[in-house]
Amino acid sequence: MRFVFLAVAIGIVFARSVSADENVRAGWAEDNVRTVQEKLRDGGFYSGAIDGAYSSDLALALTRYQIRNGLPITGQLDAETSKALDAKPAVATTPTDRSRSSETWRRLRAGEQETSAKNNAPVTPSPGVEPSPARVASAQSSPASSDATIQPETQPIGSPSTERSTTNMSTERLRDYVGAFVLAGLDPHVGSETDFFAERVQYYDEGVILREKIRKDLQRYAAHWPERSFWLDGGITAEPQNGNRVRVTFPLRYELRNGGKHSSGKINKTLVLEAAGDDLQIVSVNERKSD
């Protein structure tokens, strides 16, 4: 009798495995991916070949689509994104495909392949956004636990720069940068988002600290919350600051898991960005809980 139950159980597991494999194959079928490529092209997110292949160009387009539509930022055709595009999910599982996330956020950060001209106006001052900051364990997001005040930037932070002004950057460019920062927090190389920071940063309520200390903080955070999801829950606001800086504030939702532990919520995150050649670097980071 036990043998019969065991055989039945194995059959059920095998059937579920076959079903899952079929779903994956269906998601990666050329016609499904081709449909996604066409829809992203029509929306101004994709300009590559309509060939039914999962490429770095497609991953970049998917990320931009997720950022602008309030979906979890993954760079993949995950369940929520595929539903929004009326397609079958097709999540990359091979080491090569997973490593593509690094390439995606780097290209997004550099502003590559901006196929849509929408909202490409220069940044203009927004109504004052002065969130009361809260210290968290990560440069991504976590429930806020204490309040503090932003320290005036009376001492030089970051690196001296005589490059072009951040006020010439479009809101799309800034949104891509924010999305790249969020996606880097999910990179298999833990702590990758440290690359966005200047050498010295006004870091929450810790004052000005070195980038390498931030890297260690991010690694501790990733170990504490190994499963993380983040998505933009609204538009960004940008307010030019003195010199080559701009203050960017955006609503960020998060969902964190570690086994049976779970945390979710929404914060308003604030980054002060400084121009560094054709790139940007973070010289200050803070956040507050959102009501």
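The paragraphs below set out a description of the structure included in this document. Predicted, not measured: the structure shown is a model, and the values here were computed from it.

**A look at helix H7 (residues 211-224)**
Phase 1 of the analysis: For H7, which comprises 14 residues, the first-to-last C-alpha distance of 20 Å matches the rise-based estimate of 20 Å (1.5 Å per residue) to within 8%.
Phase 2 of the analysis: Of all the positions in H7, only Ile214, Asp217, Leu218, Tyr221 and Ala222 are classed as buried. All buried residues of H7 fall inside an arc of 135 degrees around its axis, so they share one side. Exposed positions of H7 whose direction lies more than 90 degrees from the buried face are Lys216, Arg220 and Ala223.

**Side note on the layout of surface pockets**
Phase 1 of the analysis: Looking at the largest pocket, its volume works out to about 520 Å³.
Phase 2 of the analysis: Taken together, 22 residues make up the lining of the largest pocket; nearest its centre are Thr74, Gln76, Leu186, Arg228 and Ser229.
Phase 3 of the analysis: Broken down by element, the residue count for the lining of the largest pocket peaks at four residues, all from strand E3 (residues 227-232).
Phase 4 of the analysis: Tallied by class, residues from the lining of the largest pocket come to 12 nonpolar, four polar and six charged.

**So, the pattern of salt bridges**
Phase 1 of the analysis: With the rule as written, the count across this model stands at 17 salt bridges.
Phase 2 of the analysis: Where Glu30 meets Arg34, a salt bridge forms, and the shortest distance between an N and an O atom there is 3.2 Å. Here Glu30 and its partner Arg34 are both found in helix H2 (residues 30-42), four residues apart, which amounts to about one turn of the helix.
Phase 3 of the analysis: Residue classification places Arg34 among the partly exposed residues on the basis of a relative accessible area of 27%.
Phase 4 of the analysis: Between Lys266 and Asp233 there is a salt bridge; the shortest N-O distance is 3.1 Å. Taken as a pair, Lys266 in strand E6 (residues 261-276) and Asp233 in the loop between E3 and strand E4 (237-240) lie far apart in primary sequence, 33 residues in all.
Phase 5 of the analysis: On the basis of relative accessible area, Asp233 is assigned to the partly exposed category, the value being 30%.
Phase 6 of the analysis: One network of salt bridges, in which partners are shared, links Arg64, Arg68, Glu172, Arg175 and Asp176.

Rules used throughout
- Each chain has its residues counted from 1, running along the sequence as written.
- Given that the model is predicted, a residue must reach a pLDDT of at least 70 before its local features are reported, and side-chain atom pairs must reach 80 or more before they are shown or counted; all residues, however, enter totals for whole chains, interfaces and linings.
- Note: side-chain values were computed over all heavy atoms of the structure, leaving out hydrogens and water.
- For helices the rule is a DSSP run of H or I covering at least 4 residues; for strands it is a run of E covering at least 2, with both sets numbered from the N terminus onward.
- One less than the residue count of a helix, multiplied by 1.5 Å, gives the span that helix is expected to have.
- Here's how the labels work: a residue is buried when its accessible area is under 20% of the maximum for its type, exposed when over 50%, partly exposed in between, all with a 1.4 Å probe on protein chains only.
- The reported arc concerns the directions from the helix axis to the C-beta atoms and nothing else.
- Here a cavity denotes grid points, spaced 1 Å and computed from the protein atoms alone, that fit a 1.4 Å probe unable to get out, and a pocket denotes an open set having protein on both sides within 12 Å along at least 5 of 7 lines; residues with an atom within 4 Å of a point are the lining.
- Grid points are joined across faces, edges and corners, and a volume is the space filled by probe spheres set on the points.
- For this scheme, ten residues count as nonpolar: Ala, Val, Leu, Ile, Met, Phe, Trp, Tyr, Cys and Pro. Four count as charged, namely Asp, Glu, Lys and Arg, and the remainder, Gly too, count as polar.
- Salt bridges, as used here, are contacts in which a Lys or Arg side-chain nitrogen is within 4 Å of a carboxyl oxygen on Asp or Glu.

It is worth stressing that arrangement in space is one thing and function is another; only the former is reported here.
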